[in-house]
Amino acid sequence: MIRDFLVWLATQVGKGPGEYDPSWSEALASTLNVWGLLEGTHVLSLMLFAGTIFLVDLRLLGVGFKTTPVSVISDRVLPLTVFGFALMIVTGVALFYAKPLLYYHNLWFRLKLIFLAVAVINIFIFHYRVQRDRAAWETAPKPPGKARLSAAVSIASWVAVIMFGRFIAYDWYECGKPLPHWANVAQECAVSERGAIDLTEMAQ
C-alpha cells in the first residue's frame, strides 16, 4: 500500500498530458543544479542541527562546559537547533520526493529512519520527563544518570542517522544484485523494479 502510493507520487503527480511528460518528482530528480543544492543544504542543516544538539549532550554527560548551567547552553543554541531542524526536514522531504522508490527500497534509508525515530522519541522523553526537575541539577558538574542516559542515546542515535544517511550513496545492498536473503526481505526487493536475487538460491 505504501509502495503503491509512492509509485503514484513519483509518476503521476504533476505529470503533463503528453506520454513522455515528466511528473514533478521526475523533473526534480533530473534537474541539473537543484538536486545538488538540496543535497548539500540537507547535509549542512543536519550538521548544524546535530552540532547544536551535541553541545547540550556533552554538558548533560558532564564532559564539557561543566561550569555552565544546562539551561544557559540550551537556550543559547535553541534558535540554531530549531532552524537547522526545520531546514533539514524541508530539504529531506524534497530529496525523498525526487526519488521515493529508490529510497523506499534502500536498506540504509530504512535504518536512518529507525534511528531518526529513536532520536525524536528521546527528545520528547527528555523534554517532558527527564528535565522536569532540571532546576535541581542543571548547575551540577555531572547531571544525574537519567540525563546522562538521555544524552548518550541522543549522541548515538544522531551519529547513526548521519552514518546511515552517508551510506545511502553506496550500492552495497542495492536491489537487483545478489544479496543475502535477509537484505532482500529487509528492503522489499521482491516488489521493486529491479527484483530480488537471493545468494542462498544461487549457491544451491
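Structural notes, computed from the coordinates.

Reading the values: rules and limits
- Residues numbered from 1 in each chain as written.
- Predicted model: local features only at pLDDT ≥ 70, side-chain atom pairs only at ≥ 80, totals over all residues.
- Heavy atoms only, no water.
- Axes fitted to C-alpha atoms, helices over the stretch in contact; angles between N-to-C directions.
- Helix = DSSP H or I, 4+ residues; strand = E, 2+ residues; numbered from the N terminus.
- Parallel < 35°, antiparallel > 145°, perpendicular 65-115°, else oblique.
- Left-handed = near helix turned anticlockwise from the far one by under 90°.
- Contact = heavy atoms within 4.5 Å.
- Nonpolar A, V, L, I, M, F, W, Y, C, P; charged D, E, K, R; others polar.
- Disulfide = S-S within 2.5 Å.
- Buried < 20%, exposed > 50% of the residue type's maximum accessible area, 1.4 Å probe, protein only.
- Salt bridge = Lys/Arg side-chain N within 4 Å of Asp/Glu carboxyl O.

### Topic: the packing of helix H3 (residues 34–61) against helix H8 (residues 145–167)
Reasoning step 1: Running from amino to carboxyl end, H3 crosses H8 at an angle of 155°, the nearest separation of the two axes being 9 Å. Classified by the angle between their axes, H3 and H8 sit roughly antiparallel to one another. In the packing of H3 onto H8, the handedness of the crossing is left-handed. Across the interface between the two elements, Leu46, Phe49, Ala50, Ile53, Phe54, Asp57, Leu60 and Leu61 from H3 touch Ala147, Arg148, Ala151, Ala152, Ser154, Ile155, Trp158, Val159 and Ile162 from H8.
Reasoning step 2: Within the contact of H3 with H8, the residues separate by chemical class into 14 nonpolar, 1 polar and 2 charged.

### Section: the state of the cysteines
Reasoning step 1: As enumerated under the stated definition, the model contains 1 disulfide in all.
Reasoning step 2: The disulfide that involves cysteine 175 links it to cysteine 189, with 2.1 Å between the sulfurs. Across the disulfide from cysteine 175 to cysteine 189, rotation about the S-S bond amounts to roughly -80°, and the bridge is consequently left-handed. Of this pair, cysteine 175 sits in the loop between H8 and strand E1 (178–179) while cysteine 189 sits in the loop between helix H9 (181–186) and strand E2 (197–198), and the two are 14 residues apart along the sequence. Neither cysteine 175 nor cysteine 189 differs from the other in exposure class; each is buried.

### Some details on the pattern of salt bridges
Reasoning step 1: For the coordinates displayed, the defined rule picks out 6 salt bridges.
Reasoning step 2: Among the ionic pairs, arginine 3 bridges to glutamate 193, the shortest N-O distance being 2.9 Å. Here arginine 3, found in helix H1 (residues 2–11), pairs with glutamate 193, found in the loop between H9 and E2; they are 190 residues apart in sequence, far enough to count as distant.
Reasoning step 3: Owing to a relative accessible area of 15%, arginine 3 belongs among the buried residues under this scheme.
Reasoning step 4: A salt bridge links aspartate 171 to lysine 177; the nearest nitrogen and oxygen atoms lie 4.0 Å apart.

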